[in-house]
Amino acid sequence: TLTDGSVSRYGYGWGIRSVSGAHAIAHSGGINGFLSYAIRVPEYGVYVAVLTNRSSPASSSATPAFIAERVAAIAIGKPIVDPKAIAMAPEAFDRFAGSYALAPGITMTVWREAGKFFAQATGQGRVEIAPESETLFFAKTVDAKLRFESDAEGKVAQMVLLQGGRETKAPRNP
């Protein structure tokens, strides 16, 4: 908690995270052809560090963060299980399509294209998403999920970005 009463999940270069439901702290870095990520799960006495001699990963599943968090999850006895997609008619997805305000100046846009579903945050590349349930979608190439919530009338009112142990609510833009 900061002096103004607001809560921060970051300080002194370390971010507060969650690994398979366990409290964790992590730090990433990179410079001149190298990437690194370290994560500590204090209650289990686990510390994992991944170092690479690449300036960019070959894929999102080859990032030091992706690898370290999965190794830490195995080390605490709670391996990360990849989500399984359910069938969803493309037309059923259309109620989620639109833009959502993640933060001032940052929007998450969700759309359907050629029978596939996509999401894209401001300044980021598009990511294919797949339904895990009627309202929960997982990113196929990034460790993130999108949950859609409806208002009393049944209209989709907001999206919640689930990433890095955080839940970021994003109201739907008009």
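Preceding block: the structure.
Residues numbered from 1 in each chain as written. Predicted model: local features only at pLDDT ≥ 70, side-chain atom pairs only at ≥ 80, totals over all residues. Heavy atoms only, no water.

### Concerning the layout of surface pockets
Inference 1: Of the voids in this model, the largest pocket is the one considered here, and its volume is about 1,200 Å³.
Inference 2: In this structure, the largest pocket is lined by 45 residues; those nearest its centre are R17, E69, D143, Q163 and G164.
Inference 3: By residue number, the principal contributor to the lining of the largest pocket is strand 2 (residues 14-19), which donates six residues.
Inference 4: The residue inventory of the lining of the largest pocket, partitioned by class, reads 19 nonpolar, 16 polar and ten charged.
Inference 5: A121, Q124, V127, V142 and Q163 are the residues nearest the centre of the second largest pocket, which is lined by 20 residues in total.
Inference 6: Mapped onto the lining of the second largest pocket, the elements with two or more residues apiece are strand 7 (106-113), strand 8 (116-121), strand 9 (127-131), strand 10 (136-139), strand 11 (145-150) and strand 12 (156-163).
Inference 7: Grouping the amino acids of the lining of the second largest pocket by side-chain chemistry returns 14 nonpolar, five polar and one charged. (1 Å grid on protein atoms, 1.4 Å probe; cavity = no way out; pocket = protein on both sides within 12 Å on 5 of 7 lines; lining within 4 Å. Points joined across faces, edges and corners; volume = space filled by probe spheres on them. Helix = DSSP H or I, 4+ residues; strand = E, 2+ residues; numbered from the N terminus. Nonpolar A, V, L, I, M, F, W, Y, C, P; charged D, E, K, R; others polar.)

### Details of the sheet that holds strand 13 (residues 166-171)
Inference 1: Sheet architecture is open: eight strands sit in the order 6-7-8-9-10-11-12-13, paired in antiparallel fashion. At either end of the open sheet lies a strand with only one pairing partner, and these are strand 6 (98-103) and strand 13. For this sheet, the mean angle separating the axes of adjacent strands, direction not counted, is 30°.
Inference 2: Pairing between strand 9 and strand 10: three bridges, direction antiparallel. The residue bridging I129 from the neighbouring strand is A139, located in strand 10. (Pairing = 2+ DSSP bridges. Axes fitted to C-alpha atoms, helices over the stretch in contact; angles between N-to-C directions.)

### A closer look at unusual backbone geometry
Inference 1: In this structure, N32 takes a positive phi of about 40° despite not being glycine.
Inference 2: By the secondary structure assignment, N32 is in the loop between strand 3 (22-31) and strand 4 (34-41).
Inference 3: For N32, a relative accessible area of 70% puts it in the exposed group.
Inference 4: If you check the backbone angles, A114 has positive phi at about 50° while not being a glycine.
Inference 5: Along the chain, A114 turns up in the loop between strand 7 and strand 8. (Buried < 20%, exposed > 50% of the residue type's maximum accessible area, 1.4 Å probe, protein only.)

### Things to note about the side chain of R17
Inference 1: Assignment of secondary structure puts R17 in strand 2.
Inference 2: A polar atom in the side chain of R17 sits 2.6 Å from the side chain of E69. (Polar contact = N/O pair within 3.5 Å; in protein donor to acceptor, adjacent residues only side chain to side chain.)

### Re the side chain of E69
Inference 1: Structurally, E69 is set in helix 1 (residues 64-75).
Inference 2: A relative accessible area of 7% places E69 in the buried class.
Inference 3: Those residues in contact with E69 that sit more than four places away from it in its chain are R17, V19, Y37, I39, I80 and D143. (Contact = heavy atoms within 4.5 Å.)

### Some thoughts on the pattern of salt bridges
Inference 1: Within the structure shown, the criterion is met by eight salt bridges.
Inference 2: Of the charged contacts, one joins R17 and E69 as a salt bridge, the two residues approaching to 2.6 Å between their closest N and O atoms. On the criterion of sequence distance, the pair formed by R17 in strand 2 and E69 in helix 1 is long-range, its members being 52 residues apart.
Inference 3: With its nearest N and O atoms 3.0 Å apart, the salt bridge here joins E149 to R147.
Inference 4: Residue classification places E149 among the partly exposed positions, given a relative accessible area of 24%.
Inference 5: A residue is classified by how much of its surface remains accessible, and R147, at 23% relative accessible area, is partly exposed.
Inference 6: One network of salt bridges, in which partners are shared, links R147, E149 and E167. (Salt bridge = Lys/Arg side-chain N within 4 Å of Asp/Glu carboxyl O.)

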